Amino acid sequence: MNAVQSLDVFKYVLPISLANFSSGKIWLPNLINDVLQRKMVQLLITLPLYPALLEVYNIRYTEKWVRRIDENFLEYHSGLRPSLNFPLHQLPRNLRYLSVKFFSGDVSGMIAESLFIYLLDYLGVDVNLVGHLRPYKNKAAFLPDFVIWDKNIATTALISTSNYQLPIYAEVKGSTYGINEQRLEKALCQLNRVIRTSQDRGLIFIAYKNPNYEGVIFEVEV
């Protein structure tokens, strides 16, 4: 298999406190600014990207029934969008033709989930001990994506303390244009539904274009 460039994954150095988030003491634009300016982050790992391997993880771990993530990834990674046909006739006022296709949010999300499982596997986490939660919806608030039941030395790269209990909860977000406040806020709200005690831990993984794909991990505590 030939690698298509690589994926830099960064780790935000301080855990995000859900208590501080809920009380408004965490200003999310500051966190995003830190990531983009490489402040308060450290390079966790650089992953060689193998699209065919992503498809293996896609089949076994991601939520939506989207096939050929390997082919989709190459197109999403390049950022090239095909043009649409439109007739050479003037439209009524305030109407515009759509000139290029949009990338699918479902596919972008499945790419991110595949990248996250690949990251765990590459770090040495036993991905046979990782499961996807059902997308249960209650009062418009979704649960996080994954639970991780493995507690070995590989998780020390992701969790800053040994005093935590299983499972680790993980929420994954994907974007083809960048990292934004809304995705991070929604991920924190999802983890807030399951992280209840000082021993609970969560992870947020966001894969985004900058201009190529890169990723960032946030550790979340109560």
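The preceding data block contains the structure.
Going along each chain's sequence as written, the residues are numbered from 1 onward. The predicted nature of this model means local features are confined to residues of pLDDT at least 70 and side-chain atom pairs, given and counted, to a pLDDT of 80 or more, with totals for whole chains, interfaces and linings taken over all residues. Processing note: side-chain calculations cover all non-hydrogen atoms of the structure and skip hydrogens and water entirely.

*Asks:* Provide a residue-level description of the overall build of the protein, including the pertinent values.
*Replies:* What the protein contains, in helices and strands, is 6 helices and 10 strands. For a compact globule the rule gives 2.2 Å times the number of residues to the power 0.38, and the radius of gyration it is set against comes from C-alpha atoms. Here the C-alpha atoms of the protein give a radius of gyration of 19 Å, agreeing with the 17 Å that 2.2 N^0.38 yields for 222 residues. Its C-alpha atoms put the protein at 65 × 45 × 35 Å along the principal axes. Looking at the protein as a whole, 45% of its 222 residues qualify as buried. The contact rule is simple, with two residues in contact once any of their heavy atoms fall within 4.5 Å. Considering only contacts in the protein between residues 6 or more positions apart, those separated by 24 or more positions represent 68%. The method behind every accessible area is Shrake-Rupley, applied with a 1.4 Å probe, and residues are considered shielded solely by the protein chains displayed. Summed over its atoms, the accessible surface of the protein is roughly 11,900 Å², and 51% of this surface lies on carbon and sulfur atoms. Only four residue types enter the tally: Lys and Arg on the positive side, Asp and Glu on the negative side; His and the chain ends are excluded. A charge is said to be at NZ when it belongs to Lys, at CZ for Arg, at CG for Asp and at CD for Glu. Of the charged side chains in the protein, 23 are positive and 20 negative; the average position of the first set lies 8 Å away from that of the second. By definition, any uninterrupted DSSP run of H or I lasting at least four residues is a helix, any uninterrupted run of E lasting at least two residues is a strand, and each is numbered from the N terminus. Think of it in three bands: with a 1.4 Å probe and only protein chains considered, a residue is buried below 20% of the maximum accessible area for its type, exposed above 50%, and partly exposed in between.

*Asks:* Account for helix α2 (residues 28–36), with residues named and values stated.
*Replies:* The set of residues buried in α2 consists of Leu28, Leu31, Ile32, Asp34 and Val35. Taken end-on, α2 shows its buried residues confined to a sector of 155°, consistent with a single buried face. Looking one or two places after α2, you find Arg38, whose phi comes out positive at around 60°. Arc definition: directions from the helix axis to the C-beta atoms.

*Asks:* Go over the pairing of strand β8 (residues 168–174), please, and point to the residues and values.
*Replies:* The buried fraction of β8 amounts to 7 of the 7 residues, a majority that puts the element mostly inside the structure. The side-chain alternation of β8 yields two buried faces, one formed by Ile168, Ala170, Val172 and Gly174 and the other by Tyr169, Glu171 and Lys173. Think of it this way: DSSP has to see at least two bridges between two strands before they count as a pair. One ladder, built from 3 bridges, connects strand β7 (residues 146–148) with β8; its direction is antiparallel. Across the sheet, Ile148 pairs through a bridge with Ile168, a residue of β8. One ladder, built from 6 bridges, connects β8 with strand β9 (residues 202–209); its direction is parallel. Across the sheet, the residue bridging to Ala170 is Leu203, located in β9. Look down the strands so they point away from you; if going from the first strand over the helix to the second traces a clockwise path, that crossover is right-handed. One crossover worth recording links β8 to the parallel β9 by way of helix α6 (residues 181–191), and it is right-handed.

*Asks:* Requested: an account of the environment of Cys189, with residues and values cited.
*Replies:* Inspection of the secondary structure puts Cys189 in helix α6. Sequence-wise, Cys189 and Tyr164 are 25 residues apart; in three dimensions their C-alpha atoms are separated by 20 Å.

*Asks:* How would you summarise helix α3 (residues 51–61) if you had to cite specific residues and measurements?
*Replies:* Along α3, the residues that are buried comprise Pro51, Leu54, Glu55, Tyr57, Asn58 and Tyr61. What you see down the axis of α3 is that its buried residues fit within an arc of 165°, all on one side. Among the exposed residues of α3, those pointing more than 90 degrees away from its buried face are Ile59 and Arg60. Structurally, α3 contributes buried residues whose contacts are with α4 (69–78), α5 (105–123), β4 (130–132) and β7.

*Asks:* I'd like a description of the nonpolar core, backed by residues and values.
*Replies:* The biggest cluster of nonpolar side chains holds 40 residues, and the ones touching the most others in it are Val9, Phe116, Ile117, Leu120, Ile148 and Phe205. Considering each element in turn, this core owes the most residues, 10 residues, to α5. With residues up to four places along the chain from it excluded, the contact list for Leu120 reads Val125, Val127, Val130, Ile148 and Leu158. What makes a nonpolar core is a set of buried Ala, Val, Leu, Ile, Met, Phe, Trp, Tyr and Cys residues whose side-chain atoms join them at distances within 4.5 Å.

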